[in-house]
Amino acid sequence: MSDILKVSVISPERVLFEGTARGVIAPAFDGEMGILPMHAPLMTLLGKGTLRLDTAEGEKRFGVEGGFLQIIDDQVRVVTEHATAMTAA
């Protein structure tokens, strides 16, 4: 197993992010959840909030609304109904 996650952030309009991250914080329907490498397989519904990716280039943030998140073998797939890239603060 690796110490990195492969992450995809996909909306109906386009792929917003395809790359790697050391960690992910996602707005699940019932609160924020943290994801690190070697996370157990999981599928959850997304709520409305900020998706944060800890990448080698710094934190990347996306506003997301609805959809789902899937984790399998250090691959995190975020499929959201609506997403916008946010600038870092």
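Parameters and conventions
- The numbers attached to residues start from 1 for each chain and follow its sequence in the written order.
- Given that the model is predicted, a residue must reach a pLDDT of at least 70 before its local features are reported, and side-chain atom pairs must reach 80 or more before they are shown or counted; all residues, however, enter totals for whole chains, interfaces and linings.
- Excluded from the side-chain calculation are hydrogens and water; included are all heavy atoms of the structure.
- Here, any two strands with at least 2 DSSP bridges between them count as paired.
- A run of H or I in DSSP counts as a helix once it spans at least four residues, and a run of E counts as a strand once it spans at least two, with each numbered from the N terminus.
- Here, axes are lines fitted to C-alpha atoms. For helices the fit covers the stretch in contact, and angles between N-to-C directions go from 0 to 180 degrees.
- For every residue, the accessible area (1.4 Å probe, protein chains only) is compared with the maximum for its type, and the residue is labelled buried under 20%, exposed over 50%, or partly exposed between those bounds.
- Throughout, a contact is declared for two residues whenever any of their heavy atoms are within 4.5 Å.
- Pairs of N or O atoms within 3.5 Å make up the polar contacts considered here, provided that, within protein, one atom can donate a hydrogen while the other can accept it, and that residues adjacent in sequence are counted only when both atoms are side-chain atoms.
- To qualify as a nonpolar core, a set must consist of buried Ala, Val, Leu, Ile, Met, Phe, Trp, Tyr and Cys residues joined through side-chain atoms within 4.5 Å.

**Student:** Before we move on, could you go through the sheet that holds strand E4 (residues 31–35) and cite the residues and values that matter?
**Tutor:** Remark on secondary structure: sheet strands pair via backbone hydrogen bonds, oriented parallel or antiparallel. Reading across the sheet, the five strands line up as E4-E3-E6-E7-E10 and stay open at both edges, with antiparallel pairing between neighbours. Strand pairing shows two members of the sheet lacking a second neighbour, E4 and strand E10 (82–86), which therefore form its edges. Averaged over all pairs of adjacent strands, the angle between their axes in this sheet comes to 20°, without regard to strand direction. As paired strands, strand E3 (residues 23–28) and E4 are joined by five bridges and run antiparallel to one another.

**Student:** Tell me about the sheet that holds strand E5 (residues 42–45), and please be specific about residues and values.
**Tutor:** As summarised here, the arrangement of the five strands in space is E2-E1-E9-E8-E5, forming an open sheet in which the pairing is mixed. Every other strand in the sheet has two partners, leaving strand E2 (15–21) and E5 as the edge strands with one partner each. On average, each strand axis in the sheet is tilted by 10° relative to the strand beside it, whichever way the strands run. Inspection of the sheet shows strand E1 (residues 5–10) paired to E2 by six bridges, in the antiparallel sense. Counterpart to Ser8 in the pairing with E2 is Glu18.

**Student:** Could you give me a rundown of the environment of Arg22, with the residues and numbers involved?
**Tutor:** Among the structural elements, Arg22 can be located in the loop between E2 and E3. On the basis of relative accessible area, Arg22 is assigned to the partly exposed category, the value being 41%. Considering only alpha carbons, one finds Arg22 and Ser11, eleven residues apart in sequence, at a separation of 22 Å. Not counting residues within four places of it along the chain, the set of residues in contact with Arg22 comprises Ile4, Leu5, Leu36, Pro37, Asp54, Thr55 and Ala56. A distance of 3.0 Å separates the side chain of Arg22 from the backbone oxygen of Thr55, its partner in a polar contact.

**Student:** How would you explain the nonpolar core if you had to name every residue and give the values?
**Tutor:** Judged by nonpolar contacts, the single largest core of 21 residues is most densely connected at Val7, Leu51 and Leu53. Broken down by secondary-structure element, the contributors of at least two residues to this core are E1, E2, E3, E4, strand E6 (48–55), strand E7 (58–65), strand E8 (68–72) and strand E9 (75–79).

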